[in-house]
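Chains, contacts and geometry: an overview
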Amino acid sequence: MKNEFIRKYHSIQHDSEIFQNIDKIIKGRFIKPVYQPIVSLNDGNILGYEALSRISNEDLKMDIGKMFIAANEANLSWELEELCRIKSLEKAIDMDANKKLFINVNPNVIHDEAFQSGFTKKCLYEYGLKLHNIIFEITERVSALDNDVFINSIGHYKRQDYKIAIDDVGAGYSEINTLSDVKPDLVKLDMNIVRNIDKDEIKQLLCKAMVGFCENAGIQLIAEGIENEEELETLIKLQVSYGQGFFLGVPQEIFAEIAPEKLNIIQKYNAKKYNKNITSSIYPIIGYLSKPGYSFSPDEIAEKILEVMKLNPTIHEFVIIENDKAIGFMTKTDLNEKLGGRYGFTLFSNKPIQQIINKDFLVVDYNMTVDRVSRKALQRPFEQLYNPIVVELDNKYYGIVTIKDLLDTCTKIDVDVAAHSNPLTKLPGNLLIEQEILTRVLNDKPYCITYYDLDNFKAYNDAYGFQNGDMMLALVANVLKKCATKEEFIGHIGGDDFIVICDYHEGEEYCQAVIDAFSVEVLGLYRDEDVKRGYIVSKNRNGVTENFPISSLSIAGISNRNRVYKSTDDFSKDIAQIKKKCKQQIGNYYEIH
């Protein structure tokens, strides 16, 4: 595609009509902005809007990409950029004050003196817009003329509190060192990765890797080009933070809200995801640990806050709230250091607190599990490690979580997990299994619960020894995990008994996949002569020598497709009968009622 881009670039060099049209567009100011929403895939709230430019004169219509290439060739890049930016900012006064405005930047104009002279800040002041709500979006499809100047220019704007987003990540042109050098606030996953991601495992793996990278690097990830519900569902499952695309909202001349039916879809898939987090995850959501915390308005004078903190020794940190959003954070130690020293008090005591607060702090969603928050918190710079974490609910400030509370919770959970997990397979044990069963039985959502019992395992254990017996149990655990493609819960009841809980009715396909994999892999645990013979010679429970077939699986299952259980007692009676029937069958066998 890069060669195609270059070919298009040179194909218009001598097209005087296009150059004339570009000149007419700029002089006539024939540009109108349209705005496409960028939506949270956690709750459906709108993070902001990407400003896109369209030609308003029907007689001068041309491909937008071609227009910018032609402007660059005609040395009119900045003039066109300036026009597009002014038009976008003029209408941005109608945008919600809590939303972000994404402005596309041509890397080639980032060196222009007019661009670096504070043009955008002047416009922001003129239209009453907030600097921290502007995000410069820079594509990697067009490289900067001088990479060092490019990086330095971006740094110049980041130091002024502008946010930076890198577009088209994964398109084939981005290099990892660019992300390292720029350290963007956001990255946009290229639409070629998003397209049909629900059908492509490689794309899912790439996306999952980007989610992990961005989470650890403190970068927000946006998937662009979402065109259908299947892509959206997959991205939500992969825990991508934000999404953009025609399915969520087309570019419009107004700052449109997300359509109710699309909001319902996002909430539906998140309800399923969060329900699973709450019922199937041993880690609670971070919102449960959150406390209100202390907060001040951005215009509060620093000296007054210091006086309040002296009168109330329990205040160790505070958050600055503006329009229900946390915009800054500060600890008591930081404030004392800022106002201390030889000149500190004179310089800062009478200034609004927003001028001296720390604007780089960790913000997480109320529904994020504490283990994920813990990983994000530990990725922070050393000087921020012990700072509390700001929690948002519905895109608004909710409270804070201290590192002590976070670590205490994680430690307690880790101890509980170790105490209630099988030491051999590391799978959840009986206490956690009982919680999972109870949650399903008392819920009206679809489920299928299947029990796995190894046939002839004792005979194998006696003939081959306990070490090989442990290898067979580990094999069963690995097969169950390998066949789990829909976030099934897998537990080890004890001995040679396992359980798998599916949040859907049709467990037959999963059972068959387990049998197919196990029947092949288990042969590797037997000697060649036993495999060839089809049985081993061992002693039965009465000490009598007997021939025992190769180990197989008996699988008994129950779903709530045709019967709704009101208690675990009724459920236990039915599953016991099915287990007994399955054990009477020869070889691998499953039955689900």
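Residues numbered from 1 in each chain as written. Predicted model: local features only at pLDDT ≥ 70, side-chain atom pairs only at ≥ 80, totals over all residues. Heavy atoms only, no water.

A closer look at the overall build of the protein chain
Looking only at helices and strands, the protein chain has 23 helices and 21 strands in total. For the protein chain, the accessible area works out to roughly 29,500 Å², and carbon and sulfur atoms hold 51% of it. (Helix = DSSP H or I, 4+ residues; strand = E, 2+ residues; numbered from the N terminus. Areas by Shrake-Rupley, 256 points an atom, 1.4 Å probe, with all protein chains shown as cover.)

Quick word on the sheet that holds strand S14 (residues 396-401)
Across a sheet, strands are paired by hydrogen bonds formed along the backbone, either parallel or antiparallel in direction. Read from one edge of the open sheet, three strands run S12-S13-S14, paired in mixed fashion. Both edges of this open sheet fall to strand S12 (363-365) and S14, since each of them pairs with a single strand only. Across this sheet, the average inter-strand angle for adjacent strands is 35°, counted without regard to direction. (Pairing = 2+ DSSP bridges. Axes fitted to C-alpha atoms, helices over the stretch in contact; angles between N-to-C directions.)

Let's talk about helix H20 (residues 466-483)
Because an α-helix completes one turn every 3.6 residues, residues spaced three or four positions apart along the sequence face the same direction. With 18 residues, H20 extends 26 Å from end C-alpha to end C-alpha; this agrees with the ideal 26 Å at 1.5 Å per step. The set of residues buried in H20 consists of Gly469, Met472, Leu473, Leu475, Val476, Ala477, Val479, Leu480 and Cys483. Next to the buried residues of H20 lie strand S15 (448-455), helix H19 (457-464), strand S16 (489-494), strand S17 (497-502) and helix H21 (508-521). (Expected span 1.5 Å × (residues − 1). Buried < 20%, exposed > 50% of the residue type's maximum accessible area, 1.4 Å probe, protein only. Contact = heavy atoms within 4.5 Å.)

Concerning the packing of aromatic side chains
Any aromatic ring pair is given by two values, namely how distant the centres are and how the planes are angled relative to each other. Within the structure shown, the criterion is met by seven aromatic pairs. Between tyrosine 35 and phenylalanine 255, the aromatic rings sit 4.2 Å apart at their centres with planes inclined by 35°, giving tilted as the arrangement. One end of the pair, tyrosine 35, is in strand S1 (residues 31-40); the other, phenylalanine 255, is in the loop between strand S8 (242-244) and helix H12 (260-280), and 220 residues separate them in sequence. A relative accessible area of 1% means that tyrosine 35 is categorised as buried. Plain terms: the ring middles of tyrosine 464 and tyrosine 526 are 5.6 Å apart, the flat faces sit at 75° to each other, and that makes the pair edge-to-face. Here the residue tyrosine 464 occupies a position in helix H19, and tyrosine 526 occupies one in the loop between H21 and helix H22 (528-533), the gap between them amounting to 62 residues. Since its relative accessible area comes to 12%, tyrosine 464 is described here as buried. A network of ring pairs unites the aromatic residues Tyr35, Tyr49 and Phe255 as a single cluster. (Phe/Tyr/Trp six-rings, centres within 6.5 Å; stacked < 30°, edge-to-face > 60°.)

Some words on the nonpolar core
Core analysis: the largest hydrophobic core is formed by 54 residues, its most contacted members being Leu89, Leu101, Val187, Leu232, Leu235, Val240 and Leu248. It is helix H10 (residues 201-217) that provides the largest number of residues to this core, a total of four residues. The residues contacting leucine 101, other than those within four sequence positions of it, are Tyr35, Tyr49, Ala51, Ser88, Leu89, Ala92, Met95, Asn133, Ile134 and Ile135. Listed in part, the 36 residues of the second largest apolar core include Ile490, Cys502, Tyr504 and Val514. (Core = buried A, V, L, I, M, F, W, Y, C linked by side-chain atoms within 4.5 Å.)

Section: the confidence of the model for the protein chain
In this model, the protein chain carries an average pLDDT of 83, and 89% of its residues clear a pLDDT of 70 or more. When mean pLDDT is taken per element in the protein chain, S8 scores highest with 96 and helix H1 (residues 2-11) scores lowest with 45. In this model, residues 1-14 is a region of pLDDT below 50 whose contacts with residues beyond four sequence positions or in other chains number 16 contacts. The low-confidence segment residues 274-280, where pLDDT is below 50, has 19 contacts with residues more than four positions distant or belonging to other chains. (pLDDT = per-residue confidence, 0-100.)

Focus: the packing of helix H3 (residues 64-73) against helix H4 (residues 77-91)
Between H3 and H4, the shortest axis-to-axis distance is 7 Å and the interhelical angle comes to 135°. Considering the angle they form, H3 stands oblique to H4. Listed contacts from H4 to Met67, Phe68, Ala71 and Asn72 of H3 are Ser77, Leu80 and Cys84. When its residues are assigned to classes, the contact of H3 with H4 shows five nonpolar, two polar and no charged. (Parallel < 35°, antiparallel > 145°, perpendicular 65-115°, else oblique. Nonpolar A, V, L, I, M, F, W, Y, C, P; charged D, E, K, R; others polar.)

Some details on the side chain of threonine 234
Here threonine 234 shows up in helix H11 (residues 229-237). Given the relative accessible area of 12%, threonine 234 is considered buried. Within the structure, the side chain of threonine 234 is placed 3.0 Å from the backbone oxygen of glutamate 230, a separation counted as a polar contact. (Polar contact = N/O pair within 3.5 Å; in protein donor to acceptor, adjacent residues only side chain to side chain.)

Here we look at the packing of helix H13 (residues 302-311) against helix H14 (residues 332-339)
Contact geometry of H13 with H14 gives a least axis separation of 11 Å together with a crossing angle of 130°. The orientation of H13 relative to H14 falls into the category oblique. Crossing angle aside, the handedness with which H13 passes H14 is left-handed. Residue-level contacts link Ala302, Ile305, Leu306 and Met309 of H13 to Lys332, Leu335, Asn336 and Leu339 of H14. Of the residues that constitute the contact of H13 with H14, the class distribution is six nonpolar, one polar and one charged. (Left-handed = near helix turned anticlockwise from the far one by under 90°.)

Description of the pattern of salt bridges
Taken as a whole, this structure holds 30 salt bridges when the rule is applied. Put simply, glutamate 227 and arginine 195 hold a salt bridge, and the shortest N to O gap is 3.4 Å. Of this pair, glutamate 227 sits in the loop between strand S7 (220-224) and H11 while arginine 195 sits in the loop between helix H9 (191-194) and H10, and the two are 32 residues apart along the sequence. Several salt bridges converge on common partners, so that one network encompasses Glu215, Asp371, Arg372 and Arg375. (Salt bridge = Lys/Arg side-chain N within 4 Å of Asp/Glu carboxyl O.)

Some details on the sheet that holds strand S10 (residues 317-322)
Taken in spatial order, the three strands line up as S9-S10-S11 in an open sheet, and their pairing is mixed. One side of each edge strand has no neighbouring strand; the edge strands of this open sheet are strand S9 (295-296) and strand S11 (325-331). Pairing of S9 with S10 involves two bridges; the strand directions are parallel. The residue bridging serine 295 from the neighbouring strand is valine 319, located in S10. Sheet contacts for H14: S10 and S11; angle to S11, the most-contacted strand, approximately 70°.

Examining the pairing of strand S20 (residues 552-559)
For S20, the buried fraction is high: eight of the eight residues fall into the buried class. Taken together, the eight bridges between S15 and S20 define a ladder with antiparallel strand orientation. Residue pairing across strands places tyrosine 451 opposite alanine 556, the latter belonging to S20. Bridge count for S20 against strand S21 (residues 589-592) is four bridges, and the pairing is parallel.

A word on the side chain of glutamate 50
Structurally, the position occupied by glutamate 50 is in strand S2 (residues 46-55). Separated by 2.8 Å, the side chains of glutamate 50 and lysine 188 make a polar contact. Dropping the residues within four chain positions of it, glutamate 50 is found in contact with Val34, Tyr35, Gln36, Ile38, Phe102, Asn104, Glu137, Lys188 and Gln244.

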